[in-house]
Amino acid sequence: MTAVYLILGLPGAGRHELVTNLVEDGLQEPQSVTVFHAADDLGPPNPDKHITFVPYVFEGGSFVIEPKDEPAEEPKEAFFIADGGKSVIDQLEAFPAWLRVRGWELARILLVV
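Residues numbered from 1 in each chain as written. Predicted model: local features only at pLDDT ≥ 70, side-chain atom pairs only at ≥ 80, totals over all residues. Heavy atoms only, no water.

A. The arrangement of the overall build of the protein chain in detail. Scanning the protein chain from N- to C-terminus turns up 2 helices and 6 strands. Counting the 113 residues in the protein chain, one finds 40% classified as buried. For the protein chain, long-range pairs separated by at least 24 residues make up 72% of all intrachain contacts whose partners lie at least 6 apart in sequence. Of the roughly 6,700 Å² that the protein chain leaves accessible, carbon and sulfur atoms contribute 53%. (Helix = DSSP H or I, 4+ residues; strand = E, 2+ residues; numbered from the N terminus. Buried < 20%, exposed > 50% of the residue type's maximum accessible area, 1.4 Å probe, protein only. Contact = heavy atoms within 4.5 Å. Areas by Shrake-Rupley, 256 points an atom, 1.4 Å probe, with all protein chains shown as cover.)

B. The pairing of strand β2 (residues 33-38), seen in detail. For β2, the buried fraction is high: 6 of the 6 residues fall into the buried class. Relative to strand β5 (residues 77-81), β2 runs parallel, the two sharing 3 bridges. Bridging from a neighbouring strand, valine 35 pairs with phenylalanine 79 of β5. (Pairing = 2+ DSSP bridges.)

C. Structural view of the sheet that holds strand β1 (residues 3-9). Spatially, β4-β3-β2-β5-β1-β6 is the arrangement adopted by the 6 strands of the open sheet, whose pairing is mixed. The open sheet has two edge strands, β4 (62-64) and β6 (105-112), and neither has a second partner. Taken over all neighbouring pairs, the strand axes of this sheet differ in orientation by 30° on average, direction set aside. Here helix α1 (residues 15-26) sits on the sheet in contact with β1, β2, β3 (51-59), β5 and β6, set at roughly 170° to β5. (Axes fitted to C-alpha atoms, helices over the stretch in contact; angles between N-to-C directions.)

D. The arrangement of the side chain of aspartate 83 in detail. Structurally, aspartate 83 can be placed in the loop between β5 and α2 (88-102). Put simply, aspartate 83 is tucked away with no salt bridge, and the nearest opposite charge, on lysine 86, sits 4.3 Å away. Residue contacts for aspartate 83: discarding those within four places in its chain leaves Ala38, Asp40, Tyr56 and Gln91. (Lys, Arg positive; Asp, Glu negative; His and termini not counted. Salt bridge = Lys/Arg side-chain N within 4 Å of Asp/Glu carboxyl O.)

E. Just the pairing of β1, in detail. Counted residue by residue, β1 has 7 buried out of 7 residues, so it is predominantly covered. The pairing of β1 with β5 spans 5 bridges and is classified as parallel. What sits directly across from valine 4, in β5, is alanine 78.

F. How the structure looks around the packing of aromatic side chains. For the structure shown, the criterion picks out 14 aromatic pairs. Summarising the aromatic geometry, the rings of tyrosine 56 and phenylalanine 63 are spaced 5.4 Å apart at their centres and angled 85° between planes, so their arrangement reads as edge-to-face. Of the two residues, tyrosine 56 and phenylalanine 63, both sit in the buried class. The ring of tryptophan 104 carries arginine 102 above its face, with NZ or CZ at 5.7 Å from the centroid. (Phe/Tyr/Trp six-rings, centres within 6.5 Å; stacked < 30°, edge-to-face > 60°. Lys NZ or Arg CZ within 6 Å of the ring centre and 35° of its normal.)

Put into structure tokens, the structure is as follows:
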């Protein structure tokens, strides 16, 4: 079952840098991870080679991912960077349903300030 880390924070607060640091230094073994991010959030300029980025749009109270962008394989670990330009409350309310549909579990919530 995939463990998902939910990353909260405003744009420019260092959310992508936190994920990159966790992947490079925090995982016991180098592995590929998937990072879900808002489609209008461009991410870091030099992404780590172990990171696959998957864009989403938060609309109508749910997270929408284009079928072509869905990960080909279920990751062991994933990071979900909440859309810093949308209501964090609405996203927190929608997140459990997103996890449930995939059969994944929330590992931790991290807030970047």
